[in-house]
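# Structural features, examined
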Amino acid sequence: MSQGARFRPAKLIAGLWSAALLIILTFLVLYPTAMLLVGALTNMNPVVDGYHPEAISISSFIDVLSNENVHFALGNTLVACAGGTAVAVIIGLFFAWIVVRTNTPWKGLIATAGMLPLFVPPLVAGVGWALLGSPKTGLINTFLARAGIEWRIDLYSMSGIIFVFGMYYAPYVYMFTASALRNMDPSLEEAAEISGATPFRTIFTITFPLIAPAIISGMLLSFVVMLGIYGIPAVLGAPANIPVLTTYIFQLTAWTPPEYSKAAAVALILMVATGALVALQQKVLSGRSYTTVAGKAFRPRSLNLGPWRFLTLALAIIYLLVVVVLPTLALIVAAFRRFLFIRDVASLFDMKQYGLLHFQRLFENPATMTSIYNTMKVGIITAVIGGILAFAIGYTVTRTQAPARRWIDIIATIPVAIPGLVIGVAYLWAWIGMPFGFYGSIWILALAFVARFMPDTVKALSASLMQIHKELEEAAWICGRGTLATIRTIVLPLARPGVVAAMTLLFILAIRELGSSLFLYSSSTVVMAVKLLDYYEGGNVGLTAAFSLVQMVILGVLIGITNLLTRGAANSSVGRAG
Amino acid sequence: MSDTRISRRTLLGAAGLGALGTTLSYGPARAQKAYNPPASLIDAARREGRITYYTAAFAEVEQETINLFNKRFPFVRVEMVRAPGGQLITRVKTEAAANKLTADVIDHSDRGLMKGIEDLFADYAPPNADDYIPDVLISPKLWPRITPGWCVAYNSELVKNPPKTWMDLTNAAAYKPGTIAQVIAPSGGTTWTRIMFERQVLGENYWAAQAATKPALYPSGAPLSDALVRGEVEIAPLVYNVIYTKQRDGAPVQTFFPPEGIPIVPYATGIPKTAKSPNAAKLFLDWSMSDEGQIHSIKDHGNLTSLKTTPFNPPGFDPKTAKLWVPKFDEFEKLRDVWIPEWNKIYGYRQ
């Protein structure tokens, strides 16, 4: 058999493989996005009004572009997300370094607790920080007043949104960078130190540049996630009249009558902005090699900080106090207190005001348990299917020469740019006609989540895959292993921390996801995020906080189980690697 | 000015309101009528066994209604889908277009939106249809299952000089900026009703005078009611059912129905032609519309009623003096696109 003849079946298989991925992505991404564009450009509901090519016009998009309120919201969005990302990178990178590369005490606890903000739905985070940092009634200000301090904290401001954004989305940066730091060969750092570089210089000239893909991926992800967040700017921005694009879009869908087409047109702005960011990321990364995981065995290096390790511990404790303990305490107060009117510090500690009223009401409602069960089910389905698909896409894009792999990458990235509220209606329009009872089933929710969070998962996996040197696979091929066997025995074990992290991330995101659930759930498939919104919209922060605590506990337990299951096998865990 | 005499027996025009809408008041009290459905309806509902209930009302409140219904009729399982108004209508329209409408009962606060999809509904009238005020009905297929009304609420721990009228909410000298709060006009039919009332009843300049107090603006009533309890804001017009249960449970709030009038928001509820359990749906809606269901709605949730006579009075509500106000339906639809931009401009709200 000639060389050319031997490769022909491989090319055919690669072509079929790419085609299969493109078909899946068309169903999951392109078709709903096309429905969204039709909606944005025709001012019609494609299912109700049918397709009218003659009605396609860019007038609503032009209207949006020329609307000064959109300009104002866009400006606020960019400032909030850029500021929030800067804070998130500083915090996330710093803690990844502390946890993975230093001998700071209790770093396992720090790593696990540092991920907790990810479990908190943005709406609840906003409510928690409003309880703490409201200029009029915030608990922090109550204590400041008690201490005789006149200065007041005001989180109903742009700086408040940036602060909370940065804290809550630092775990995204942390997850990527911790995983990369753990997988990085320390020999380069050792070489730098042998050459006389100080630890500080080594960090900034060797370590951080080497994990640049992870930093940029984490930065990009946190930025685009912030772009799509509604809860935090809604709670903290609304009282100060600081609209952002998501709150504007939410209002468009909430006003009567709802303006989904206009909302879709505003979403196009987000899509363009995000597309530009993704292109920028690819340009930054193109032509540079970040391979640091090679065939040589190594152990992650741990820097001995000496007495300075107590300073890093103190900083970590302050961070945990601010990010985890304070808002959790605020939620606990809200969940157990009958009413949240707190006149002064003494009133806060008046135990007569506390009880289990909200929890009783929560569990008296049969829909609560139904939603918990459905959420777990849809979270697991999403994590498994999404994880497999993301690995397939990530591997194809980063490690093969399969045809159309660049298109696969681009299409898989599209959902990141579409806010959940808008993409939810796109899924409804696209999938309601599917046969076999698909609409109204748990599967439609799971597939919507898989599609919606594909960019997050693919990017998370790609960062891990990019660090595995090609020579390892080549060695397996030389030894006679096929592609699938090589993936199973070489790539998957090495990428396992990233795979577990990506699937866990997907699970968490699926459990919290509200926007794309709103239009797809049925009476028997209601999920926790929808119930949480029900309770919030019912004006009951106590009930909302109680349900949030339940959600956080469930997530914490599940993450802990995941941690235990994966620790022995891959020396990685969600808590540690993220 | 067109106060309407609704019915000689029950409704009295309230002089001096000067409204383009309709002013109503309840008629003299009558004995409560028991709801005793025919055995054939009960048997048919029992065979169907379940309904899917789409509603824009608050889920927690509706669950209580379902629980109460199930105490009497435990053989009908009620599965609820709750969504905000605009999203619920989008869902209904899309499902119907795809022939996948799963609802057996659809319940919505915006009569205008429901009127737009009237064709989806089957003919339906409750057994006590004649007991309902004709002027609040927009279609023989759609019925006011609940009827929330607007009140003024204030935080009793913070407000030492409480308002007593709608006009007091324009007193910029008495209340500092941010003390009073409002739900934005474009938030939906419930608030739009109040906005119409303010302009049509309280005067052309009411908005400007109220906006001069620099009120805090909230996207909807529920978070505003919570903010009021917490003391973020001190005074707010609120739909009574949003604040009633908090007040009942001991929150530091007080409410009153202003003497100038009470804008009411009759819901529109119907049974789709495609309902899979039309008998169970009818049983649920008949019960909800009965005196028994309306008393529950008033007593437990702080709603009013669109019955000609109120079978129960919520605290602070005197049916002899209360002036209910409902917008004329054609104006409700026609004026929205014109007046809301004006309101936005006056209040500085960016839509």
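Glancing now at the domain arrangement of chain B. Residue and element names in this part refer to chain B. Each assigned domain of chain B is listed here: domain 1 (40-147 + 267-301) and domain 2 (150-263 + 323-347). The distance between the C-alpha centroids of domain 1 and domain 2 comes to 28 Å. Contacts between the two partners involve nine residues from domain 1, matched on the other side by ten residues from domain 2. A class-by-class count of the residues in the side of domain 1 that touches domain 2 yields two nonpolar, four polar and three charged.

The predicted coordinates of low-pLDDT regions are not to be read in fine detail. Residue and element names in this part refer to chain B. With 93% of its residues at a pLDDT of 70 or more, chain B has an overall mean of 88. The least confident element of chain B is strand β1 (residues 22-24), whose mean pLDDT is 72; the most confident is helix α9 (residues 278-289), at 97. Here residues 1-19 is modelled with pLDDT under 50, and outside its nearest four sequence neighbours on either side it reaches 40 contacts, counting other chains as well. Under the prediction, the complex receives an ipTM of 0.75, its pTM being 0.78.

V164(A), V266(A), A267(A), V422(A), V105(B) and F284(B) are the most contacted members of the largest nonpolar core, which totals 292 residues. For this core, the leading source of residues is helix α9 (residues 158-182) of chain A, giving 17 residues. Structurally, this core is a two-domain feature, drawing no fewer than three residues from each of domain 1 (40-147 + 267-301) and domain 2 (150-263 + 323-347) of chain B. Non-local contacts of V105(B), meaning those with residues more than four positions away in its chain, are made with I51(B), Y53(B), Y54(B), T269(B), I271(B), A281(B), F284(B) and L285(B).

What follows covers the sheet that holds strand β5 (residues 150-155) of chain B. All names here are of chain B. Read across the open sheet, the three strands follow the order β8-β5-β9; overall the sheet is antiparallel. Where the open sheet ends on each side, the last strands, each with one partner, are β8 (235-239) and β9 (253-256). The mean angle between the axes of side-by-side strands here comes to 35°, regardless of whether they run parallel or antiparallel. Of the strand pairs in this sheet, β5 and β9 are connected by four bridges, and their pairing is antiparallel. Opposite A153, over in β9, you have T255 as the bridge partner. Against the sheet, helix α7 (residues 221-230) touches β5, β8 and β9, its axis set at about 140° to β8.

Conventions and cut-offs
- Residue positions within a chain follow its written sequence, with the count starting from 1.
- For naming, the first written chain is A and the first written ligand is 1, with later ones following in the order written.
- Reporting of local features is limited, given that this is a predicted model, to residues whose pLDDT is at least 70; pairs of side-chain atoms are given and counted only at 80 or more, and all residues count toward the totals for whole chains, interfaces and linings.
- An automatic or database domain assignment is the source of the domain bounds shown.
- Here contacts are defined at the residue level, using C-beta atoms placed from the backbone and a cut-off of 7 Å between them.
- Gly counts as polar in this scheme, as do all residues outside two lists: the nonpolar Ala, Val, Leu, Ile, Met, Phe, Trp, Tyr, Cys and Pro, and the charged Asp, Glu, Lys and Arg.
- On a scale of 0 to 100, pLDDT captures the predictor's confidence in every residue.
- Strands here are runs of E lasting at least two residues and helices are runs of H or I lasting at least four, both read from the DSSP assignment and numbered beginning at the N terminus.
- Think of a nonpolar core as buried Ala, Val, Leu, Ile, Met, Phe, Trp, Tyr and Cys residues, each tied to the set through C-beta atoms within 7 Å.
- The exposure label follows from counting other C-beta atoms within 10 Å of a residue's C-beta, where the C-beta atoms are placed from the backbone and the thresholds are 20 or more for buried and 12 or fewer for exposed, leaving partly exposed in between.
- We call two strands paired when DSSP finds no fewer than two bridges between them.
- Orientation is described by lines fitted to C-alpha atoms, with helices fitted over the stretch in contact, and by angles between N-to-C directions that extend from 0 to 180 degrees.

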